[in-house]
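# Analysis of the macromolecular model
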Amino acid sequence: MKKLKFLHSLKFRLFLLMALAGILPNLALRAGILMSYESRAVSNRSIDVLGQAKILGNQVVTYGYMKDTSLEVINAQLEMLSTIYDGRVLIVNSSFQIVKDTYELDTGKTIISEEVVKSFQGEEITKYDSKNRYIELAIPLKKEGLEQSLGVLLVSVSTDSIMLNYGYLKDNALIIELASLVVILGFALFWSGRLVRPFGKLAKYLEEVQAGDEEALMVADYTETEAISDAFNELWGRMRAIDDSRQEFVSNVSHELKTPLTSMKVLADSLLAQGDAPVELYKEFMGDIAEEIERENKIINDLLSLVKMDKAAGTLNVSVVNINELLELILKRLRPIAEKQNIELVLESFRPVSAEVDEVKLSLALNNLVENAIKYNKPEGWVHVSLNADHKYFFVRVEDSGIGIPEEALEHIYERFFRADKSHSREIGGTGLGLAITRNAVLMHRGAIKAHSKEGEGTVFTVRIPLMYLV
Ligand code: ADP
């Protein structure tokens, strides 16, 4: 199988195509020329001989040669005809008797062949026997004005000389053909190599890119290779972007995890440096350290949720869930936080909704939205959560009267560790991962999430999820 691999190469196929395109017409041309040469030469020879034979026939009749075959004038001409055309002439009289045979073999014999009979009836006959290589002619001998034939003149001439020329032509054609075969094969070899060269170039560049060459790939020899180069560059760019974002994520994670650790170290160090610090200070600092540990814990938990969400959608644990109850539960859990800031928390259900969802993941996603609406609110503010559905989707809308999101930040809010207002978010215990988790969970359900916000006035998040989970 491996040995035949070259059969699949473009170079070999191009070579074959060009070689065949060169050789086949060549062969056809040679066969055509040789064939038409033979038929043309035979027909020329027949016309010549027929002309001569007719003249001779007339003289035979005029001189009454059939009665007296010793007539020198005619004999000389008969001799000439048979010598020039390398042939034999027979003169047959009305009783089918051969009165003259230039070969002197059959004089006096009777001949009743098809041609002779037909010719007696007035027909001129020309026949070419290609196997035995001769042309046979039969012409009636008639006196002018008379219907009846006096006899028949039979001429057979050899076509050996034609065949000799034919052979010569054939040999020459073969030599030319062999010479052109060499040229064609050389041409095909050269061009097939040349034409596939850009693909080789492409493969070489790809190897270089793989080996670490950062330059953009471009083989513009053909439109096709240019398209391949473009497509590759785009793919390569996308892969690099993914790589960059992964690196950024890792450095963000390290940074976020280090911040609480640094705070703890500072707190612990300052306690140690004081030596005999009062118990109250210890308590206070320990409280702070516990808070930082809590924070670290939250970041790690959020990261774990995010990693879980990043996995394939196949990991969704789908079941039919009553969404009204799910939202009621979320609001019940968050109500104490809202009450702390005197924020009014309202749920409005337009209809009962049951959908095929992953309860844990969707609950986490909606929880984050409502929690944000409370966290980024103003004291005495409100949060409205509403649930509606049509025949295909259900919609959850979370609206708040909070601080809003600046327009330039709106497109980044789903990025990991992004916070519109860093210090405020940290103050209220945000990790910057909540919305990234929410978006991933919504996308896993093949849903969509949108945010509208006006700084200082409030924010609206709308989530749309299909009622039926489609694999
Ligand atoms: P965080 O843990 O900081 O809340 P999120 O991913 O949940 O992280 O949100 C990202 C940022 O988007 C938040 O830091 C905040 O600045 C902004 N944000 C999210 N929800 C709201 C909201 N309802 N109102 C105002 N800002 C919001």
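As a reminder, the structure under discussion sits directly above these lines.
Residues numbered from 1 in each chain as written. Predicted model: local features only at pLDDT ≥ 70, side-chain atom pairs only at ≥ 80, totals over all residues. Heavy atoms only, no water.

### Comments concerning the sheet that holds strand β7 (residues 344-349)
Spatially, β7-β9-β10-β12-β11 is the arrangement adopted by the 5 strands of the open sheet, whose pairing is mixed. Looking at which strands have only one partner, the edges of the open sheet turn out to be β7 and β11 (448-454). Each strand of the sheet is rotated relative to its neighbour by a mean of 10°, with strand direction disregarded. Pairing analysis gives 7 bridges linking β11 to strand β12 (residues 458-466), with the strands arranged antiparallel. Pairing of Ala 448 across the sheet is with Arg 464, part of β12. Sitting on the sheet, helix α7 (residues 323-340) touches β7, β9 (382-389) and β10 (393-400), and the angle it makes with β7 is about 175°. (Pairing = 2+ DSSP bridges. Helix = DSSP H or I, 4+ residues; strand = E, 2+ residues; numbered from the N terminus. Axes fitted to C-alpha atoms, helices over the stretch in contact; angles between N-to-C directions. Contact = heavy atoms within 4.5 Å.)

### A short note on the nonpolar core
Of all hydrophobic cores here, the largest spans 38 residues; its most connected members are Ile 323, Val 370, Phe 394 and Phe 461. For this core, the elements supplying multiple residues, two or more each, are α7, β8 (354-358), α8 (359-375), β9, β10, α11 (434-444), β11 and β12. Here this core gets 7 residues from one element, more than from any other, and that element is α7. Counting residues in hydrophobic clusters, the runner-up holds 28 residues, among them Leu 56, Val 89, Val 155 and Ile 162. (Core = buried A, V, L, I, M, F, W, Y, C linked by side-chain atoms within 4.5 Å. Buried < 20%, exposed > 50% of the residue type's maximum accessible area, 1.4 Å probe, protein only.)

### Points about unusual backbone geometry
At Phe 417, a position not held by glycine, the phi torsion is positive, near 70°. Accessibility expressed as a relative area gives 5% for Phe 417, which makes it buried. A positive phi angle, near 60°, is found at Arg 446, a position not held by glycine. Summarising the element assignment, Arg 446 is placed in the loop between α11 and β11. What makes Arg 446 partly exposed here is its relative accessible area of 43%.

### Some words on the pairing of strand β4 (residues 134-142)
Summarising burial for β4: 7 of the 9 residues are buried, a large majority. Across 5 bridges, the pairing between strand β3 (residues 125-129) and β4 is antiparallel. Within β4, the position partnered with Ile 125 by the bridge is Ala 138. Counting the residues that bridge the hairpin from β3 to β4 gives 4 residues, and of these Arg 133 lies at a positive phi of roughly 55°. Here 9 bridges tie β4 to strand β5 (residues 149-158), and the two strands are oriented antiparallel to one another. Across the sheet, residue Pro 140 finds its bridge partner in β5, namely Val 152. Between β4 and β5, which pair antiparallel one after the other, the connecting turn spans 6 residues, and Gly 145 there sits at a positive phi close to 90°.

### Regarding the packing of α8 against α11
At a minimum axis distance of 8 Å, the contact between α8 and α11 shows a crossing angle of 140°. The pairing of α8 with α11 is recorded here as oblique in orientation. The handedness of the crossing between α8 and α11 comes out as left-handed. Residue-level inspection shows Lys 361, Leu 364, Ala 365, Asn 368, Leu 369 and Asn 372 of α8 in contact with α11, the latter providing Gly 434, Leu 435, Ile 437, Thr 438, Ala 441 and Met 444. A class-by-class count of the residues in the contact of α8 with α11 yields 7 nonpolar, 4 polar and 1 charged. (Parallel < 35°, antiparallel > 145°, perpendicular 65-115°, else oblique. Left-handed = near helix turned anticlockwise from the far one by under 90°. Nonpolar A, V, L, I, M, F, W, Y, C, P; charged D, E, K, R; others polar.)

On their own, these measurements won't tell you what the molecule is for.
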